Structures are given as C-alpha cells and as structure tokens.
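Coordinates in review
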Amino acid sequence: ETGVTQSPTHLIKTRGQQVTLRCSSQSGHNTVSWYQQALGQGPQFIFQYYREEENGRGNFPPRFSGLQFPNYSSELNVNALELDDSALYLCASSSPGQPNTEAFFGQGTRLTVV
Amino acid sequence: AQTVTQSQPEMSVQEAETVTLSCTYDTSESDYYLFWYKQPPSRQMILVIRQEAYKQQNATENRFSVNFQKAAKSFSLKISDSQLGDAAMYFCAYRRTFGNEKLTFGTGTRLTIIP
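What comes next is a walk through the structure. Because the structure is a prediction, the values reported are computed rather than measured.

Once that is clear, we can look at the side chain of Arg63(A). Within the secondary structure layout, Arg63(A) lies in the loop between strand 6 (53-57) and strand 7 (64-68). With sequence-adjacent residues up to four places away left out, Arg63(A) is seen in contact with Asn77(A), Val78(A), Asn79(A), Ala80(A), Leu81(A), Glu82(A) and Asp85(A).

The structure is reproduced here in structure tokens:
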C-alpha cells in the first residue's frame, strides 16, 4: 500500500449539490494531482497542486476547484454536481525532481450523482 | 497534445503463459517517461514498470518487461509466467520529463488469467 489516503471511499450526492473530496499525500511529497476516472475509461487529469499553488489544469470547468494545505494534503471541490460527474476520483502524490519521480495513488473516492 | 492509445480492450492468457499488451502514443517531445499501471478491483493504481525515453535499454521488473520502440512510438508490456494475481486493468501512461507532472492515460486493457 502507498501512503496516500483518500476520504470518503464512497459518496452519493444529488444533482446540483456540492461535494468535497480529501487526499493526504505520502510523507515527503509536495505535489498532489487529481484525476477523474469514468466507468470503463482511463483517468483524466483534473489539476495539480505544487506547494499550495495550482500547477496545471486539464479540460474541466471552473466548478471543479481545489486546495492544497501547508502539510501538502489536498481537497477537490465540485459545485453544481451533474450526473456525468459520477466517477472514481483518484489522488496521486509525488515529489518533483527526486530520482524516482513516481506518482503514488490513493484508492480513490467513488462518487455517484443521482 | 499528447495522446495514448491502447487498442486491446480485453486480453486473456492461460496461467503460466506469456501475454503482451500493446500501447502507442503520440508526442512532439523528445524526453519523457512512459509507465504501465495496474488497477485491480481494489481500484488503487499500482506502478508496474517505468521507461525513460532517453534510455535505449528496455526496462525489466521481474516477470514484467517492455518493448520500447521510440521511433514507432510504441510501448508494449510483456508479462511472463502469468499468475492469477496479474488479473486487473492495465493502463499505459505518458508523462513529460519537465514541467507539470500530469499523466496522460490510455483507455486500458482488461487482463483475465485463465486457471
């Protein structure tokens, strides 16, 4: 197992609601990336945070937003939920510039929007 | 923009046999990383093997090896002596060497191991 933990593991929300997903990065990692994985698809990059600043964003609308805290943990917030937001949300932590620049993933949060 | 293509949605192999999963990618970069990740039903992405584009030698990790053809932009994964625990979704992924460390994934190949 990696040291990346995500909460909650499962979540059911109603269309139009807001949701916050959380991620604790592996010790020593200062970069957190979020991915959305729809059923039967590969993960799609949402955005990345490096030292509390957004460091790149994928093709997702502004209602997807995030934060990174001084301890490098992170939140993903999604406003005005739509049915198509139902997916597995994965968090990955890494430490740029290290010899083994590998991203470690959490087990994900399964979000269902009804 | 970089793209990663996995043309085999599903593959199956007899236990103890060898299977090869295919991946092609497109990029204008000369320096990058390529990865194979395994995603079992537990959902957690697990790194199987990594290849740096500047290295001509193909990466190997125990029963897992790659065939990296840079000119052809091809990156296949060979699993030898397949085991029941190898059953999972396998994703090929690309990442630039410099700048934002986002991973670009393919659509995955579901590997079934037949006892």
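Having seen the model, we can carry on.
By size, the foremost hydrophobic cluster in this structure holds 25 residues, and its most contacted members are Tyr25(B), Trp36(B), Phe75(B), Leu77(B) and Tyr90(B). When residues of this core are traced back to their parent elements, those giving at least two are strand 3 (19-21), strand 5 (32-39), strand 6 (46-52), strand 8 (64-69), strand 9 (74-79), strand 10 (88-96) and strand 12 (109-114) of chain B. The dominant element in this core, judged by the number of residues it contributes, is strand 10 of chain B, at 4 residues. When neighbours within four sequence positions are excluded, Tyr90(B) is seen to be in contact with Gln6(B), Leu21(B), Trp36(B), Tyr37(B), Lys38(B), Val48(B), Phe64(B), Leu77(B), Ile79(B), Gly108(B), Thr109(B) and Leu111(B). Core analysis: the next-biggest nonpolar cluster, separate from the first, contains 20 residues, Val32(A), Phe64(A), Leu81(A) and Cys91(A) among them.

This part takes up the interface of chain B and chain A. Counting from both sides, the interface comprises 19 residues of chain B and, opposite them, 29 residues of chain A. Taking both partners together, chain B and chain A bury about 1900 Å²; carbon and sulfur atoms supply 45% of that area. On inspection of chain B and its partner chain A, the count reaches 0 salt bridges. Summed over the shared surface of chain B and chain A, the result is 7 residue pairs in polar contact (both at pLDDT 80 or more). Secondary-structure elements contributing two or more residues to the side of chain B that touches chain A are strand 5, strand 6 and strand 10 of chain B. Sort the elements by how many residues they give to the side of chain B that touches chain A and strand 5 of chain B lands first, with 4 residues. For the side of chain B that touches chain A, the residue count by class is 8 nonpolar, 6 polar and 5 charged.

Bringing the environment of Arg63(A) into the picture now. Residues and elements named next belong to chain A. Since its relative accessible area comes to 17%, Arg-63 is described here as buried. The spatial distance from the C-alpha of Arg-63 to the C-alpha of Asn-77 is 7.7 Å, given a sequence separation of 14 residues. At 3.4 Å, the side chain of Arg-63 forms a polar contact with the backbone oxygen of Ala-80.

Criteria and cut-off values
Residues numbered from 1 in each chain as written. Chains lettered and ligands numbered in written order. Predicted model: local features only at pLDDT ≥ 70, side-chain atom pairs only at ≥ 80, totals over all residues. Heavy atoms only, no water. Helix = DSSP H or I, 4+ residues; strand = E, 2+ residues; numbered from the N terminus. Contact = heavy atoms within 4.5 Å. Core = buried A, V, L, I, M, F, W, Y, C linked by side-chain atoms within 4.5 Å. Buried < 20%, exposed > 50% of the residue type's maximum accessible area, 1.4 Å probe, protein only. Buried area = accessible area lost by both parts, 1.4 Å probe. Salt bridge = Lys/Arg side-chain N within 4 Å of Asp/Glu carboxyl O. Polar contact = N/O pair within 3.5 Å; in protein donor to acceptor, adjacent residues only side chain to side chain. Nonpolar A, V, L, I, M, F, W, Y, C, P; charged D, E, K, R; others polar.

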